[in-house]
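# Survey of secondary and tertiary structure
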Amino acid sequence: MGRGVTATVLLAVAIAVDALPVAAGGSLAPSTQDAVDPATCQDAAVDDAGRLSLAHTWDSETISAVTRRYHSGMAYDRTRQKAILFGGLDADGSSLGDTWKFDASVGWSQLAPDVSPSPRYGFAFIWTGDDYLLFAGDATSQTWVFNPDAVSWSLLALPLTPPAGIIYPAMAFSSAHARAVLFGGGQGDTTWVYDVGASSWFSPALASGPSDRYGASMAYDEDTGSMILFGGQEVVSGLYLNDTWAFSLASLTWAQLSVVSPPAARAHAAMAYDDDRRRLALFGGKSGANSFDDVYFFDAALQRWTEAADFSNSDRPTARYGHGMFYDSASGYLRAFAGKLSDNQPANTFWTHHLSTYGVCASVALSVSSATAVRWSSLLGTDVNLPAGTSVQYQVAFSSDGASFGGFRGPDATTSTYYSSESTSMPQAAGEHYLKVKTYLYSYSYPKQPALGGWQLNYDRAPEKPVLSAPVQGVIVNDLRPVLTFGRVNDPDGLGDGPLAYQVQVASDVVLAYPFLNDTGLSAGVFSGDYAPTADLFQ
């Protein structure tokens, strides 16, 4: 149209957001204690401190058929994935001579071999690659072998054995060397080696070694190829010890280790090797009148003891000593049975310790109340504790109605990527007011565990659309550059979303197909007063 010609046009306004800063908008800061959905958790839980961590729990079952006992023998057959229990002391202080089998698929069952060792306690009992080996526990120096397939005990007639009278010795087996090592028990500081293939004992000449002791704990560490011995009660002085020694079957030598953070001095604790995590586990024990309920793990390669974190449930074994423990490679659990409790009563409770190195939990639906569109901008874990060898990752699922959620996805909107524990942008799901966070926890150095106190979820909400107040109804007559008046723009975030950009278009059709005016890159400030177009409306 030319100048001087009366015309009526329809004004329409569209808003375009050219950029949204990460820091703009608002944020949600839910805690894991309040926002974790327990039904979604697998091998992870909120601990007593209110932080999400890997599950570190005990489950228990009372085995009423098995007499309460302590100072019995229990060992696990890694080939057949079953355990054998023998002997011990009952509540009256009487020696027991019964034989039991544990099979995770069927539970406990008593065996009835034709011949058995005499009732006894305080003996050494281990699995030796096929059969089980028992030594000591009475006044003799008998060596017994138990065959689990034939369900039979056999007394070996050997020309040389450790001396009679040994009580509470430590013994462990190396499958790599097909040999067992016996130490301690009150009959001198001699180290004895049993050759499984030759069915014979021998005592190597040693320049040095640990002092003689009762109730030391010993297990074979496959990574270092050493027998690891811990603690016990020294025979001569009566002192309780917390020294750590390694015996090499290759060189037949002892070496005292300079370890980090050893457990308190104790005797009659149980020790087992965790095949999967390559760690030795120590549980319980006693020192004088005091008993322990703690769990320690030993990394022999690093010569470091680490106490397991507090359990995330209240159900845990009470302090005890003289119990048995093995690592169940079929299930990946530590299992402990029997022992004498702090009230001086023996137990027949079977405890299972869950060792989690990977766990996952999802949150409940989290949301922002807003009439305008929401764009989630970044995700950050809060109160995060990541010891060396641990990590935390996240995925997010979005919903527009809080009921129907998409799958959990990472930064590239696929299921194969993850957000890190650091602040990570979320370039997806604009306009969806609801989300859930799925947290993945990893430990590559058990028992070190990651812990998470919550999440910070940052978001931006689009400002409300400016409303034209003048000219009335958008009718312009013979005015090439009319002054346009808009109502004040309301920003729900209240923080100023700059650099937001707006666009003003003027056209004679409501769909703005052919605008006469197209002003872009306008700041929110232009809508706080009158706005004059930058060019004539009609050319």
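Residues numbered from 1 in each chain as written. Predicted model: local features only at pLDDT ≥ 70, side-chain atom pairs only at ≥ 80, totals over all residues. Heavy atoms only, no water.

### A short note on the sheet that holds strand E4 (residues 52–54)
Here 3 strands make up an open sheet; going across it, the order is E3-E4-E40 and the pairing antiparallel. Each of the sheet's edge strands pairs with one partner strand only, and the pair in question is strand E3 (44–46) and strand E40 (451–452). Pairing between E3 and E4: 3 bridges, direction antiparallel. Looking at the pairing, Ala 44 lines up with Leu 54 of E4. (Pairing = 2+ DSSP bridges. Helix = DSSP H or I, 4+ residues; strand = E, 2+ residues; numbered from the N terminus.)

### Brief notes about the packing of aromatic side chains
Tallied over the entire structure, the rule returns 30 aromatic pairs. Centre to centre, the rings of Tyr 358 and Tyr 442 are 5.4 Å apart; their planes meet at 45°, and the pair counts as tilted. Of the two residues, Tyr 358 is situated in strand E34 (residues 358–362) and Tyr 442 in strand E39 (residues 434–443); the sequence distance between them amounts to 84 residues. For Tyr 358, a relative accessible area of 38% gives the class partly exposed. Cluster of aromatic residues (ring-pair linked, three or more members): Phe 86, Phe 123, Phe 125, Tyr 132, Trp 144, Phe 146 and Trp 153. The cationic tip of Lys 286 hangs over the ring face of Tyr 321; the distance from NZ or CZ to the ring centre is 4.7 Å. Over the ring of Phe 405 we find Lys 436, and its NZ or CZ is 4.7 Å from the ring centre. (Phe/Tyr/Trp six-rings, centres within 6.5 Å; stacked < 30°, edge-to-face > 60°. Buried < 20%, exposed > 50% of the residue type's maximum accessible area, 1.4 Å probe, protein only. Lys NZ or Arg CZ within 6 Å of the ring centre and 35° of its normal.)

### Digging into empty space enclosed by the protein
A water-sized probe rolled over the atoms picks out the places where empty space is left. This model, assessed by the stated rule, comprises 3 cavities of 30 Å³ or more. A volume near 930 Å³ is recorded for the largest cavity. Surrounding the largest cavity, 40 residues form its lining, Phe 125, Ile 126, Met 171, Met 218 and Met 271 being those nearest its centre. Secondary-structure elements contributing two or more residues to the lining of the largest cavity are strand E6 (73–77), strand E10 (124–127), strand E14 (170–174), strand E19 (217–221), strand E23 (270–274) and strand E30 (324–328). Class assignment for the residues of the lining of the largest cavity results in 26 nonpolar, 11 polar and 3 charged. The wall of the second largest cavity is formed by Pro 163, Ile 166, Leu 182, Phe 183, Gly 184, Gln 187, Gly 188, Thr 190 and Trp 192. (1 Å grid on protein atoms, 1.4 Å probe; cavity = no way out; pocket = protein on both sides within 12 Å on 5 of 7 lines; lining within 4 Å. Points joined across faces, edges and corners; volume = space filled by probe spheres on them. Nonpolar A, V, L, I, M, F, W, Y, C, P; charged D, E, K, R; others polar.)

### A few points about the side chain of Asp 77
Summarising the element assignment, Asp 77 is placed in strand E6. Take Asp 77: its relative accessible area is 1%, and that puts it in the buried class. Only 3.3 Å separates the side chain of Asp 77 from the side chain of Trp 127, close enough to count as a polar contact. When neighbours within four sequence positions are excluded, Asp 77 is seen to be in contact with Lys 82, Trp 127, Asp 130, Tyr 132 and Pro 148. (Polar contact = N/O pair within 3.5 Å; in protein donor to acceptor, adjacent residues only side chain to side chain. Contact = heavy atoms within 4.5 Å.)

### Here's the deal with the pairing of E14
Consecutive side chains along a regular strand alternate between the two faces of the sheet. Most of E14 is tucked away, with 5 of its 5 residues classed as buried. Burial along E14 is two-sided: Ala 170, Ala 172 and Ser 174 and Met 171 and Phe 173, pointing in opposite directions, are all buried. Bridge analysis of E14 against strand E15 (residues 179–183) gives 5 bridges, and the strand direction is antiparallel. Looking across to E15, one finds that Phe 173 is bridged to Ala 180. Linking two consecutive strands that pair antiparallel, namely E14 and E15, is a turn of 4 residues; a positive phi of about 55° is found at Ala 178 within it.

### Overview of the environment of Pro 411
Mapped onto the fold, Pro 411 is located in the loop between strand E37 (390–399) and strand E38 (424–425). A relative accessible area of 25% places Pro 411 in the partly exposed class. With 17 residues separating them along the chain, Pro 411 and Tyr 394 place their C-alpha atoms 9.6 Å apart.

### Examining the pattern of salt bridges
If you walk through the whole model with that rule in mind, you get 17 salt bridges. Here Glu 222 ties to Arg 78 by a salt bridge, and the two come within 2.7 Å at their closest N and O atoms. Of the two residues, Glu 222 sits in the loop between E19 and strand E20 (226–234) while Arg 78 sits in the loop between E6 and strand E7 (82–89), which places them 144 residues apart along the sequence. Glu 222 sits in the partly exposed class, given a relative accessible area of 23%. (Salt bridge = Lys/Arg side-chain N within 4 Å of Asp/Glu carboxyl O.)

### Points about the sheet that holds strand E24 (residues 279–283)
If you walk across this open sheet you meet the 4 strands as E23-E24-E27-E28, and the pairing is antiparallel. Whereas interior strands pair on both sides, the edge strands pair on one side only; in this sheet they are E23 and strand E28 (304–307). Between one strand axis and the next, the sheet turns through 25° on average, direction left out of account. Direction of pairing for E24 relative to strand E27 (residues 295–299): antiparallel, over a ladder of 4 bridges. Opposite Ala 281, over in E27, you have Phe 297 as the bridge partner. (Axes fitted to C-alpha atoms, helices over the stretch in contact; angles between N-to-C directions.)

### Quick notes on unusual backbone geometry
The phi dihedral of Arg 278 is positive, around 60°, even though this residue is not glycine. Summarising the element assignment, Arg 278 is placed in the loop between E23 and E24. Among the residues examined, Arg 278 registers a relative accessible area of 30% and is labelled partly exposed. Phi at Asp 383 takes a positive value of approximately 50°, unusual for a residue other than glycine. In this fold, Asp 383 is placed in the loop between strand E36 (374–382) and E37.

### Concerning the confidence of the model for the protein
Confidence in the prediction for the protein averages 85 pLDDT; 78% of positions are at 70 or higher. Note on residues 1–24: pLDDT under 50 across the span, and 71 contacts to partners over four residues away in sequence or across chains. Contacts for the low-pLDDT stretch residues 494–500, under 50 throughout, to residues beyond four places or in other chains number 20 contacts. (pLDDT = per-residue confidence, 0-100.)

### Examining the environment of Ala 91
Residue placement: Ala 91 occurs in the loop between E7 and strand E8 (95–103). C-alpha separation for the pair Ala 91 and Gln 345, spaced 254 residues apart in sequence, amounts to 6.3 Å. Look past the residues within four positions of Ala 91 in its chain and what remains in contact with it is Arg 68, Gln 345 and Pro 346.

### Considering the environment of Glu 432
Of note, Glu 432 is situated in the loop between E38 and E39. Note: C-alpha distance between Glu 432 and Ser 367 (65 residues apart in sequence) is 8.9 Å. In contact with Glu 432, not counting residues within four places along its chain, are Val 374, Trp 376, Phe 398, Ser 399 and Ser 400.

### Considerations on the nonpolar core
In this structure, Trp 376, Leu 379, Tyr 394, Met 426, Leu 435, Trp 455 and Leu 457 are the most contacted members of the largest nonpolar core, which totals 25 residues. Mapped by element, the contributors of at least two residues to this core are E4, E36, E37, E39 and strand E41 (454–461). Looking at this core, the element that brings in the most residues is E37, giving 4 residues. (Core = buried A, V, L, I, M, F, W, Y, C linked by side-chain atoms within 4.5 Å.)

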